[in-house]
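Per-entry structural report
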Amino acid sequence: MASRINLTCHDVRLPLPLDDNSVDACFSHMLFCMALTTAELQQLSREVLRVLRPGGLHIYTVRHTGDADYGQGIHRGDDMYENNGFIVHFFSRDKVALLAQGYQTAAVEEFTEGRLPRRLFRVTQRKT
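About the thresholds
Residues numbered from 1 in each chain as written. Predicted model: local features only at pLDDT ≥ 70, side-chain atom pairs only at ≥ 80, totals over all residues. Heavy atoms only, no water. Helix = DSSP H or I, 4+ residues; strand = E, 2+ residues; numbered from the N terminus. Rg over C-alpha atoms; globule rule 2.2 N^0.38 Å. Buried < 20%, exposed > 50% of the residue type's maximum accessible area, 1.4 Å probe, protein only. Contact = heavy atoms within 4.5 Å. Polar contact = N/O pair within 3.5 Å; in protein donor to acceptor, adjacent residues only side chain to side chain. Core = buried A, V, L, I, M, F, W, Y, C linked by side-chain atoms within 4.5 Å. 1 Å grid on protein atoms, 1.4 Å probe; cavity = no way out; pocket = protein on both sides within 12 Å on 5 of 7 lines; lining within 4 Å. Points joined across faces, edges and corners; volume = space filled by probe spheres on them. Nonpolar A, V, L, I, M, F, W, Y, C, P; charged D, E, K, R; others polar. Pairing = 2+ DSSP bridges.

**Brief notes about the overall build of the protein chain**
In terms of helices and strands, the protein chain carries two helices and seven strands. Counting helices and strands in the order they occur from the N terminus, the protein chain gives β-α-β-β-β-β-α-β-β. Against the globule reference of 14 Å for 128 residues, the protein chain gives a C-alpha radius of gyration of 15 Å, in line with a compact fold. By its C-alpha atoms, the protein chain is 40 × 30 × 25 Å across when sized along the principal axes. For the protein chain, buried positions account for 33% of its 128 residues. For the protein chain, restricting intrachain contacts to residue pairs at least 6 apart in sequence, the fraction spanning at least 24 positions comes to 67%.

In structure tokens form, the structure reads like this:
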């Protein structure tokens, strides 16, 4: 099974170094929460869509606007807030829907993680 998994380091603001329709699934844990603008997130979502095979899964987790840290610290625009030098992009259900263009959304599930606890969405989408 490990031979079927490929790892790479890449700046996600750039086109993904993968062929069209070349992967079965993409999973990211809080990647979309990084200091990326909504426009950059839309581009990343389109890139994931481009590389997924038809029926492929895109599963990602993001901190949502119900999180205790939402609205705290320095507002950096686009629902981003900086605390202790770290910027987090928080998601509403509307932002999840905005990034779902070209996908069938199978589920948006809320869950908690860690000591705060962090409040997150787990988004599961399928390429149509």
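That was the structure; now back to the text.
**Focus on the side chain of His89**
Following the sequence through the fold, His89 ends up in strand E5 (residues 86-89). Overall, His89 belongs to the buried group, its relative accessible area being 0%. There is a polar contact of 2.7 Å between the side chain of His89 and the backbone oxygen of Leu36. Separated by 2.8 Å, the side chains of His89 and Lys95 make a polar contact.

**Focus on the nonpolar core**
Side chains that are nonpolar tend, in soluble globular proteins, to be buried together. Grouped together as the largest cluster of nonpolar side chains are 24 residues, with contacts concentrated most on Phe32, Tyr60, Val62 and Phe91. If you list the elements that add at least two residues to this core, you get helix H1 (38-51), strand E2 (52-63), strand E6 (103-113) and strand E7 (118-127). With five residues, H1 is the single largest residue contributor to this core.

**A closer look at the layout of surface pockets**
Volume-wise, the largest pocket comes out at about 950 Å³. Forming the boundary of the largest pocket are 25 residues, of which Asn6, Leu18, Val23, Ala25 and Cys26 lie nearest the centre. Mapped by element, the contributors of at least two residues to the lining of the largest pocket are strand E1 (23-29) and H1. With six residues, E1 is the largest single contributor of residues to the lining of the largest pocket. Partitioning the lining of the largest pocket into residue classes produces 17 nonpolar, five polar and three charged. Quantified by volume, the second largest pocket comes out at close to 190 Å³. What lines the second largest pocket is Met30, Cys33, Met34, Arg63, Asp69, Tyr81, Asn83, Asn84, Phe86, Val88, Phe90 and Arg118.

**Observations concerning the sheet that holds strand E4 (residues 80-83)**
The sheet built from three strands is open, its strands ordered E3-E4-E5 with antiparallel pairing. Both edges of this open sheet fall to strand E3 (74-75) and E5, since each of them pairs with a single strand only. Judged from the four bridges that link them, E4 and E5 form a sheet pairing that is antiparallel. By the bridge assignment for E5, Met80 is matched with His89.

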